[in-house]
Amino acid sequence: MIRNTFNSGWTVGPNKGFFNMAPGELPKPVTLPHDAMIGKKRNAEAVSGVKKGYFPDGIYDYVKKFDVPIEYKEKRVTFEFEGVYMNAMVYINGDFAGQHPYGYSNFYIQADRFLKYGEENEIRVVTKSSDDSRWYTGTGIYRNTKIMVTNLVHIAVDGVKITTPEISSDRAIVTVATVVENEGIHPQKTSVVTEIVDAEGNIVAVDTAPLTAFTGESVTLRQRLYVRQPKLWSVDTPTLYTCRSRVMNGENVLDEETNTFGIRSLSLDAEDGLRINGEVVKLRGACIHHDNGVIGATTIDRAEERRIEILKEAGFNAFRMSHHPASKALLSACDRLGMLVMDESFDVWTENKSNYDYALYFPTWWEKDIQAMVDKDFNHPSVIMYSIGNEIQEAGSANGTVWGRKMAEKIRSLDSTRYVTNSINGFVSVQDTLVKMMGSNMQGDVNTTMGNAFDMIKKIQAHEMVTHAVAESFAAVDIAGYNYADSRYVMDKELFPNRVICGSETLPIDIANNWKLIKENGHVIGDFTWTGWDYLGESGVGRVVYDNSITAEGTNAPFPYLTAFVADIDITGHRRPISYYREIVFGLRKHPYIAVWRPEHYGKKASMMPWGWSDSISSWSWEGYEGRPVKVEVYSEADEVELLVNGKSVGKAGTGEDNEFKAVFDTVYTQGEIVAVAYTNREETGRTSLISAGSALNLKVEADRTQIANNDNDLSFVTISLVDENGILKPLADRKVTVKVEGAGTLQGFGSGNPKTEENFFASEHTTFDGKALAVIRPTESGLITVTFEADGCTTQTVIIEVR
């Protein structure tokens, strides 16, 4: 099969509509993946409002001209779209060729009947977003596209399924099911050759089997191959093998496919929980949305890979794709780097959460989209479970459980090697009953209600009303996904002794207690915090408000709030203090960590939603606040910590598990050095210091990679920092930075982690936030890219990126 990128040579513009007239702007050339929404001007009156970060929805035409060789008449041509948001309508040479409502599942368009051979052709994809989601979605063809060309006898799309049913130290059985299709007019006698290749390129197993392919039929061939001394895939050693499949007619290759996979086993029980290759694994998980920060929903392979690199560095070993199927690029990165995945199907079933969301299509399309998710995930060893939904209100009703059971059984019929879960919020499942009981006290959106009274909600989660309401839904799945229901972890061990539980969505404030419960209870396999990576939309849900009650505003932060501001890692990939706190709770960091509350707010009453964290950063550079009081947090696994300012002790306080790994000190800011010293059994076990920045101000620019590939899926991420003469960050020195890109690349996005800004990500000028910003550079051709940065009071800095 010829499988080539189809990402270049597109234009995007306003939808022409029935009268073939396009108002306003003309189409502009773009390279896919592309997000048409991220470049639009935000406004307070946007229909989707806070949900999508005040970006406007829209309808767009993506158009591409392409040549079709005359020899393709005897071939089959298929287009793959990995993700189009939303309501995609595909036209080839003016004729309707297919549609796909869901914005997150991949789909295929068989093009043969519409093509003009030996001529130029046109494909047009209409995308449409409206009030259809609870978070930023982007609009357009935001994931990869490919053109696939095959002979009439060929391997079916997604037609190679690999499993490893038996594994021992000396050998593993690898079963390969290959689906061969014959779309010709004659039967074909073929043979299927399957090779298993190890990470070093050695062929370690091979099998050849005859196969007769009759006209108009799909035939499945199953082969069992033996791999000696297999190297197992795990989080710590993500060893991959390659399966090469060829369909032969004599010496002629009719079709060939290559798939990577891992040899690993999964087991699950209520005593030991989850085991991978026989070893118990506790999931240190993060929920993440799909956007890539300053480049919007655009899903470029390198951006997905970088996210996994940073999440793993921060101590996570798993993530939950919230609340939709993950991209192929993200899963491939997880395979290579060693990250476990809960892939989630839907945020809605039959009840709308937004006016025009997927609930309008679910009853008709759910099976196709479940099939697409499973087909996509099947050969990825990183995927260990499928979630059939998130906080589905119907999960508490008899009819809702019917839908849940249908989906669970559909997945099992397609893939019996992984587990099925349902991420249920018991409070949401009994919400209708509560509304009747409490009347006007339950008005407003779910997030606001939960944020206003989370203590009450935890009690409701543990109520027998919830126990009974969700029992049947949980009985339909292998793993019970608990959203904000840690109050049930221990009690449900007795109520449901065979139930395996996963904290599918949890609060930052519960990190320490939840991890303690997970370690102490075998039936609780892990935790997925909301969230690991900050995201666009649901704007301001993690913000801190001073001298005013945040509940007066509810979840809905006013314009110009942009990001949720609720994560271990901000939208630029910068780790926030909570990330280091979590790393300490996980037992992965031995040295203490210092975080300082912004001194301008000292003494004010801080108010935040439960998803927030302290308004602190790791810095001792607070020019203008000399002699003024500050609040300092120290995170440590040790018994206690001592805080010193310029060598003078501020005091000691208990930390460790008994004190939720945190101590808080009040002191006075004095320029110099602040040191946290950790003690266990009265002996020093580690120390960390912060030093005040000097008077100089410099621009520091660092590219994560200065050599990148000349293709549409590579990027270079350039971090910009405002530092002193010794490289110490100056968070109060924020100013506008100008970027200029010349040569073999273009600016894909430029911005900061600021949750509240009216600046856009496509301008050549952006203001730093806490002294940092990020520029994302995309290659356009081979050669050199020169990226120049300027800021008032700083020497101009340049970084050179080579495109090969």
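The numbering scheme is per chain: residues are counted from 1 as the chain's sequence reads. In view of the model being predicted, local features appear only for residues whose pLDDT reaches at least 70, and side-chain atom pairs are presented and counted only at 80 or more, with totals across whole chains, interfaces and linings using the full set of residues. Neither water nor hydrogens contribute to the side-chain values; these are computed over all heavy atoms in the structure.

A. Highlighting the overall build of the protein. Across its full length, the protein holds 12 helices and 47 strands. Our radius of gyration is a C-alpha quantity, and the globule rule it is checked against amounts to 2.2 Å times the number of residues to the power 0.38. Relative to its length of 804 residues, the protein is compact, with a C-alpha radius of gyration of 27 Å against a globular reference of 28 Å. Projected onto its principal axes, the C-alpha coordinates of the protein cover approximately 90 × 65 × 60 Å. Out of the 804 residues belonging to the protein, those deemed buried represent 60%. When contacts within the protein are restricted to residue pairs at least 6 apart in sequence, those whose partners lie at least 24 apart make up 71%. Counting rule for charge: Lys and Arg are taken as positive, Asp and Glu as negative, and neither His nor the chain ends is counted. Where a charge lies is defined by one atom per residue type, namely NZ (Lys), CZ (Arg), CG (Asp) and CD (Glu). Here the protein holds 82 positive side-chain charges and 108 negative ones, and the gap between their average locations is 1 Å. Counting from the N terminus, the helices are the DSSP runs of H or I reaching at least four residues and the strands are the DSSP runs of E reaching at least two. Relative accessibility under 20% of the residue-type maximum defines a buried residue, over 50% an exposed one, and the middle range a partly exposed one, all with a 1.4 Å probe and only protein chains included. Contacts were defined at the residue level, with two residues in contact if any of their heavy atoms lie within 4.5 Å.

B. Region of interest: unusual backbone geometry. With omega at -5°, the peptide bond leading from Leu32 into Pro33 counts as cis. Relative to the elements of secondary structure, Pro33 occurs in the loop between β3 (28–30) and β4 (59–68). Here the phi dihedral of Tyr54 falls at roughly 65°; this positive angle occurs in a residue that is not glycine. Checked against the element boundaries, Tyr54 lands in the loop between β3 and β4.

C. Representation of the state of the cysteines. In this description, the term disulfide denotes a pair of cysteine sulfurs within 2.5 Å. For the structure on display, the rule yields 0 disulfides. The cysteine Cys502 is free of any disulfide, with Cys287 supplying the nearest cysteine sulfur at 8.9 Å.

D. Region of the structure containing the pairing of strand β7 (residues 95–100). A pair of strands counts as paired when DSSP detects no fewer than two bridges linking them. Judged from the 5 bridges that link them, strand β6 (residues 88–92) and β7 form a sheet pairing that is antiparallel. Bridge pairing in β7 links Tyr91 to Phe96. If you look at the hairpin formed by β6 and β7, you'll find 2 residues sitting between the two strands, and Asn93 has a positive phi there, around 55°.

E. Fine view of the environment of Asp343. Note that Asp343 resides in strand β23 (residues 340–344). Judged by relative accessible area, which is 0%, Asp343 ranks as buried. With 49 residues separating them in the primary sequence, Asp343 and Ile392 have C-alpha atoms 16 Å apart. If we skip the residues at most four places from it in the chain, Asp343 touches Met321, His324, Pro325, Ala326, Leu331, Met373, Lys376, Asp377, Met385, Tyr386 and Ser387. Polar side-chain contacts of Asp343 include one of 2.9 Å to the side chain of Lys376. In the analysis that follows, any N or O atom pair within 3.5 Å is treated as a polar contact, provided that within protein one partner can donate a hydrogen and the other can accept it, and provided that, for residues neighboring in sequence, both atoms belong to side chains.

F. Fine view of the sheet that holds strand β41 (residues 716–723). The 4 strands are arranged β39-β41-β45-β43 in an open sheet whose pairing can be described as antiparallel. In this open sheet, the two strands that pair with only one neighbour each are β39 (698–703) and β43 (745–751). Going from strand to strand, the sheet's axes swing by 25° on average, the running direction of each strand aside. With 6 bridges joining them, β39 and β41 adopt antiparallel strand pairing. Opposite Val701, over in β41, you have Ile720 as the bridge partner. Angular values range over 0 to 180 degrees, each being the angle between N-to-C directions of two axes fitted as lines to C-alpha atoms, with helices fitted over their stretch in contact.

G. Seen up close, helix α11 (residues 511–520). Along α11, the residues that are buried comprise Ile511, Ala512, Asn514, Trp515, Leu517 and Ile518. Each element contacted by the buried residues of α11 is listed here: β21 (283–288), β27 (501–506), β28 (524–529) and α12 (577–585).

H. Region of the structure containing the nonpolar core. Put simply, buried Ala, Val, Leu, Ile, Met, Phe, Trp, Tyr and Cys residues joined by side-chain atoms within 4.5 Å make one nonpolar core. Ile308, Leu311, Phe319, Phe346, Tyr358, Ile411 and Tyr581 are the most contacted members of the largest nonpolar core, which totals 96 residues. The element that contributes the greatest number of residues to this core is helix α3 (residues 362–377), accounting for 6 residues. Residues contacting Leu311, with those up to four places away along its chain left out, are Ala286, Ile288, Phe316, Met339, Gly532, Trp533 and Ile569. In terms of nonpolar packing, the next biggest core, distinct from the first, is built from 31 residues, Leu274, Tyr484, Val500 and Val566 among them.

I. Highlighting the sheet that holds strand β11 (residues 153–167). Taken together, the 3 strands give an open sheet; going across it, the order is β11-β12-β15, and neighbouring strands pair in antiparallel fashion. At either end of the open sheet lies a strand with only one pairing partner, and these are β11 and β15 (218–228). On average, each strand axis in the sheet is inclined to that of its neighbour by 20°, with strand direction left out of account. Pairing of strand β12 (residues 171–182) with β15 involves 11 bridges; the strand directions are antiparallel.

J. Focus on helix α4 (residues 398–414). By definition here, a helix of n residues has an expected span of 1.5 Å times n minus one. Helix length check: α4, at 17 residues, gives a terminal C-alpha distance of 25 Å against a target of 24 Å (1.5 Å per residue), a fit within 8%. Buried residues of α4: Gly400, Thr401, Gly404, Met407, Ala408, Lys410 and Ile411, and no others. Buried residues along α4 sit against α3, β24 (383–390), β25 (419–424) and α9 (464–475).

K. Representation of the packing of helix α1 (residues 301–313) against helix α2 (residues 328–337). Where α1 meets α2, the axes come as close as 8 Å, and the angle between the chain directions of the two elements is 45°. With respect to α2, the axis of α1 lies oblique. As α1 runs across α2, the sense of the crossing is right-handed. Packed against α1, whose contacting residues are Asp301, Glu304, Glu305, Arg307, Ile308, Glu309 and Lys312, the element α2 presents Ala329, Leu330, Ala333, Cys334, Arg336 and Leu337 at the interface. By the definition adopted for this analysis, an angle is roughly parallel if under 35 degrees, roughly antiparallel if over 145, roughly perpendicular if from 65 to 115, and oblique otherwise. Take the far helix as the reference: if the near one is turned anticlockwise from it by less than a right angle, the crossing is left-handed, and if turned clockwise, right-handed.

L. Layout of the packing of aromatic side chains. Any two rings among Phe, Tyr and Trp, with Trp reduced to its six-membered ring, count as a pair given centres within 6.5 Å; such a pair is stacked if its planes are under 30 degrees apart, edge-to-face if over 60, and tilted if neither. Across all of its chains, the model carries 34 aromatic pairs by this definition. With 6.5 Å between their ring centres and 75° between their planes, Phe565 and Phe769 make a pair best called edge-to-face. On the criterion of sequence distance, the pair formed by Phe565 in the loop between β29 (544–546) and α12 and Phe769 in the loop between β44 (765–767) and β45 (772–779) is long-range, its members being 204 residues apart. Residue Phe565 shares its accessibility class with Phe769, and that shared class is buried. Between Trp620 and Tyr669 the ring centres are 4.9 Å apart and the planes differ by 70°, which places this aromatic pair in the edge-to-face class. Of this pair, Trp620 sits in the loop between β32 (616–617) and β33 (629–635) while Tyr669 is found in the loop between β36 (662–668) and β37 (673–680), placing the two residues 49 residues apart along the sequence. For Trp620, a relative accessible area of 1% gives the class buried. By relative accessible area, Tyr669 is classed as buried at 1%. Grouped by ring-pair contacts, the aromatic residues Tyr85, Tyr102, Tyr104, Tyr142, Phe346, Trp349, Tyr358, Phe362, Trp366 and Trp403 constitute a single cluster. Note that Lys161 overlies the ring of Phe378, its terminal NZ or CZ placed 5.8 Å from the centroid. Whether a charge sits over a ring comes down to the Lys NZ or Arg CZ being within 6 Å of the ring centre and within 35 degrees of the ring normal.

M. Inspection of the side chain of Thr299 at higher detail. Within the element layout of this structure, Thr299 appears in the loop between β21 and α1. With relative accessibility at 4%, the residue Thr299 sits in the buried group. A distance of 3.0 Å separates a polar side-chain atom of Thr299 from the backbone oxygen of Ala297. Once residues within four sequence positions are removed from consideration, Thr299 is found in contact with Pro33, Tyr142, Arg143, Asn292, Glu304, Ser327 and Asn713.

N. The packing of α11 against α12, seen in detail. Across the interface, α11 lies against α12 with an axial gap of 10 Å and an inter-helix angle of 25°. Regarding the angle of α11 to α12, the classification is roughly parallel. The way α11 lies across α12 gives a crossing that is right-handed. Mapping the contact onto sequence places Ile511, Ala512 and Trp515 in α11 and Ile578, Tyr581, Arg582 and Val585 in α12.

O. View of the pattern of salt bridges. The rule for a salt bridge is simple: a side-chain nitrogen of Lys or Arg has to be within 4 Å of a carboxyl oxygen of Asp or Glu. This model, assessed by the stated rule, comprises 53 salt bridges. Note that Asp478 is salt-bridged to Arg412, the shortest N-O span being 3.2 Å. Highlighted residues: Asp478 in the loop between α9 and β26 (479–483) and Arg412 in helix α4, separated in sequence by 66 residues. Note that Lys736 and Glu759 form a salt bridge whose closest N and O atoms lie 2.9 Å from each other.

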